[in-house]
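For reference, the chains in residue letters:
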Amino acid sequence: MNVSILGCGWLGLPLGKALAEQGHTVIGTTTSEAKLTLLAQAGIQPVLLNFNPEPTGDLAALLNAEVLIISIPPRASSQGDDFHPQQIRQLLHQMTDFRGKLIYISSTSVYPETSTELDEYGPTLENHPLVTVEHLLQESTFPLTVLRCGGLMGYDRIAGKYFIGKTVDTGDVPVNFVHRDDVIGIIETLLQQDVWNETFNVVAPEHPVRRAIYERNAEQHGWAPPIFKTPEAPVPFKVISSEKLITQLAYTFQYPDPLAFP
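Not measured: the values here are computed from a predicted model.

Caption draft 1: Geometry of the pattern of salt bridges. In this structure the tally under the stated criterion is six salt bridges. For the salt bridge of Arg89 with Asp82, the shortest nitrogen-to-oxygen distance reads 3.4 Å. Using a relative accessible area of 35% as the deciding quantity, one classes Arg89 as partly exposed. For Asp82, a relative accessible area of 39% gives the class partly exposed. One salt bridge in this structure joins Lys244 and Glu198, with 3.0 Å as the shortest N-O distance. Here Glu198 lies in strand E12 (residues 198-202) and Lys244 lies in helix H9 (residues 243-249), a separation of 46 residues in the sequence. Note on Glu198: relative accessible area 22%, which makes it partly exposed.

Dropping the structure here:
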């Protein structure tokens, strides 16, 4: 299968490497000339491409695929909420000759903090830029599967690393994390099963509280643990269910418990 990956970053690069090792022909984009060799070494045909928000580079090479995986960060904090939707509008405008299918990497940040468990049919934040993009892609004519990923963890991304010695008042809030290897495994499963026009939450099925995660990480790595304080008012949260994905894809998580992420 010919697969293109728009955005070979922390997720896209190892995803492309895994797909190439399975025998797929993989084309992948980077915004940096310095990374072209890195992609090639991973078995990915590298393409230099930027969206600022209009595309500059070899977009035609990217669109010569049976499946296009869109894995680019929104950059809303630096570019504004409308930057990522504009990128996708520009992309769709250029896709008149594309005849393939789409996978869009979204996020569980689209859900409000209702202090309840939420599935794919729950409420979303309608002004969220990722929700806007989901709607833009769903309104297109392309078969589309949306993956709403939890907090991406694994390898150099260790949750407690970002809170060494800091004061934390969300220690009793459950986490919605997922290991990168599982995101890659789920995308591989989607391609194998040819599942389209669906939305899935991609989150490890167990939801320990932040305190347990941060203390475990500190113990494992010899870090100073955070200082946990009791908040003045209950902290809102959300627990994101991945039951639909587990049931519909018959997928077994490699790392179901964030406390045991390697």
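Structure's up, so let's keep going.
Caption draft 2: Quick look at helix H1 (residues 12-21). With seven of its 10 residues buried, H1 lies for the most part within the structure. Among the structural elements, strand E1 (2-6), strand E2 (25-30), helix H2 (36-41), strand E5 (67-70) and helix H7 (180-193) are those in contact with the buried residues of H1. In the stretch just after H1, Gly23 is the one whose phi turns positive, near 100 degrees.

Caption draft 3: Representation of the side chain of Asp181. Inspection of the secondary structure assignment puts Asp181 in helix H7. No salt bridge is formed by the buried Asp181; its nearest oppositely charged neighbour, Arg180, is found at 4.9 Å.

Caption draft 4: Focus on the environment of Ile103. When you line up the elements, Ile103 lands in strand E6 (residues 101-107). Taking the C-alpha atoms as reference points, Ile103 and His93, 10 residues apart in sequence, are found 17 Å from one another. Each residue touching Ile103, except ones within four places of it in the same chain, is listed here: Val67, Leu68, Ile69, Ile70, Thr145, Leu147, Ile187, Leu190, Leu191 and Trp196.

Caption draft 5: Looking closely at the packing of aromatic side chains. According to the stated counting rule, one finds four aromatic pairs in the structure shown. For the ring pair Phe98 and Phe142, a centre distance of 5.3 Å and an interplane angle of 65 degrees mean the geometry is edge-to-face. You can see Phe98 sitting in the loop between helix H5 (83-93) and E6 and its partner Phe142 sitting in the loop between helix H6 (129-138) and strand E8 (144-149), a full 44 residues away along the chain. Note on accessibility: Phe98 and Phe142 belong to one class, buried. Here the aromatic rings of Phe163 and Tyr214 are separated by 4.7 Å at their centres, their planes lie at 20 degrees, and the arrangement is stacked. Within this pair, whereas Phe163 is found in the loop between strand E9 (151-153) and strand E10 (167-168), its partner Tyr214 is found in helix H8 (residues 210-221), the two being separated by 51 residues in sequence.

Scoring rules and cut-offs
Residues numbered from 1 in each chain as written. Predicted model: local features only at pLDDT ≥ 70, side-chain atom pairs only at ≥ 80, totals over all residues. Heavy atoms only, no water. Salt bridge = Lys/Arg side-chain N within 4 Å of Asp/Glu carboxyl O. Buried < 20%, exposed > 50% of the residue type's maximum accessible area, 1.4 Å probe, protein only. Helix = DSSP H or I, 4+ residues; strand = E, 2+ residues; numbered from the N terminus. Contact = heavy atoms within 4.5 Å. Lys, Arg positive; Asp, Glu negative; His and termini not counted. Phe/Tyr/Trp six-rings, centres within 6.5 Å; stacked < 30°, edge-to-face > 60°.

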